[in-house]
Amino acid sequence: MRDFAVVGSGPAGFYTAEALLKAYGDQARIDIIDRYPVPYGLIRFGVAPDHQSLKAVSKRYDQVAENDAVSFIGNVTVGSDVSADELRTHYDAVILAIGAPHDRKLGIPGEDLPGVVGSAEFVGWYNGHPDFADLAPPLHGTHAAVVGNGNVALDCARILAKNHHEFEGSDIVAHALEALDKSAVRTITILGRRGPHQISMTPKELGELGHLEAATPVVDGADFPPVEADEALEPGHRKSITILRDFVAQGPDTTKPRQIVFDFFAKPLRIEGDGKVERLIVERTVLDDSGAAKGTGETYEVPASLIITSIGYQTPRIEGVPYDDRGGKFANDQGKIADGLYAVGWARRGPTGTIGTNRPDGYEVAEQVAAAMPPGGSGHRSGAEGLKRLLEERGVMATDYDDWRKIEETEVGRARPGSPREKFVRVEDWLAALGR
Ligand code: NAP
């Protein structure tokens, strides 16, 4: 019998557990550990609430969780409740699937002013993430800015732009919907430090901006290279650029009250305001020979009472686990960190790729584990039993599969992807729902 600990219950964690199940059958016990009392990580807290078809993947994860060889151990933070080294003594292998939940910083003056929020915070706020319950992003001003040209920037801009009933069928948390209803934001500027050809936005997500009830995309044709240059682009990317060109051709729909303005070749220099954000000072850029953004010296200001920085994420450090500072992820070689210690998903590769990208990733690492510890053998580890004993000694209230189900059945627990969230939920509320 082998004992495996998968740390993190988002897509990377569940795909890895699924792959380990396939590789070991009933020859392994797999514990999925999460810092929150309920699982799903990115699916619950990261995927946009109006993208329910993406959230539906959690049903597949449920099938893994229901397997007798798999246990869920929630409300346990590796690094504080239990160390990575302790886990390694209790399990044959520990696979870190903790994602990349921390925002990268712009590193410019004024970034600490109230009103500047990272996309992980903003996305967490509208998705009911307990850590961001009190974020209260300022929505009283008419201008907001989103820095970054990836899909997360699009998610943030779209959520800011939607009308109340465009959230029907979503699972946006009630406190966010209420605040967005009262929002005064009329102009949302999405800033890219490079040009339209360098965006990291995908066609489906970009296309959605053309179908918003109350908002219209505004794109300046002067930012584009000649249309022939699009031919060299990879087909999916070319499609995104074509959508942007269509927005140029159609022109803004002036009957709509909100605008989503694409400001390309715009590099944030500093953030200014009297005790809170009022404006972003931006430098116009050109592309240098390597394709990087080079400042031209021309500066201008973008008014904003809310600035969302959406420039990528980082994996948090765990004491004793080697870290790759440049990549913002665990230092690893094809997923292997050390003997018996692996990383998968964003914690392995950095924050790129779709939910599905994590599947081959998890399977590849599971194959490596199986090659190092062939099914049939035993590491004679204490597994969940040893871990639970340790947690009990420390007074950590771990949740299990039944607790997770119980929480989701309660009013406070209506945080399950696909179901409405009538109340905001905090970890204390979740535990209180269990009578703890
Ligand atoms: P991303 O795709 O890596 O985009 C990050 C953006 O930030 C890039 O445009 C980058 O510009 C810009 N940036 C980085 N550093 C900057 C700086 N110092 N100043 C200004 N701009 C800066 O990251 P993401 O949007 O966080 O998305 C993460 C992953 O999740 C992606 O793979 C994404 O596709 C995926 N995702 C998918 C969906 C979906 O499928 N619906 C939704 C959300 C996210 P440069 O190119 O110039 O570096």
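All of these numbers come straight from a predicted model, not from anything done at the bench.

Criteria and thresholds
Residues numbered from 1 in each chain as written. Predicted model: local features only at pLDDT ≥ 70, side-chain atom pairs only at ≥ 80, totals over all residues. Heavy atoms only, no water. Near = heavy atom within 4 Å. Polar contact = N/O pair within 3.5 Å; in protein donor to acceptor, adjacent residues only side chain to side chain. Areas by Shrake-Rupley, 256 points an atom, 1.4 Å probe, with all protein chains shown as cover. Helix = DSSP H or I, 4+ residues; strand = E, 2+ residues; numbered from the N terminus. Pairing = 2+ DSSP bridges. Axes fitted to C-alpha atoms, helices over the stretch in contact; angles between N-to-C directions.

Caption draft 1: Summary view of the site of the ligand. Near the ligand lie 21 residues; those nearest to it are Asn149, Arg193, Arg194, Glu205 and Gly353. Between the ligand and Glu205 there is a distance of 2.8 Å, counted from a nitrogen atom to a side-chain nitrogen or oxygen. Relative to its unbound accessible surface of 920 Å², the ligand loses 81% to contact with the protein. The leading source of residues in the shell around the ligand is helix H7 (residues 151-161), at three residues.

Caption draft 2: Geometry of unusual backbone geometry. Despite not being glycine, Ala136 has its phi angle at roughly 45 degrees, a positive value. In this fold, Ala136 is placed in the loop between helix H6 (119-126) and strand S7 (143-147).

Caption draft 3: Examining the sheet that holds strand S11 (residues 266-272) more closely. Spatial ordering of the open sheet is given by S11-S12-S13, a layout of three strands whose pairing is antiparallel. The sheet terminates laterally at S11 and strand S13 (293-303), the two strands that pair on one side only. Neighbour-to-neighbour, the strand axes of the sheet open up by a mean angle of 25 degrees, direction not taken into account. Relative to strand S12 (residues 279-287), S11 is paired through six bridges, and the arrangement is antiparallel. Looking at S12, one finds that Pro268 is bridged to Val282.

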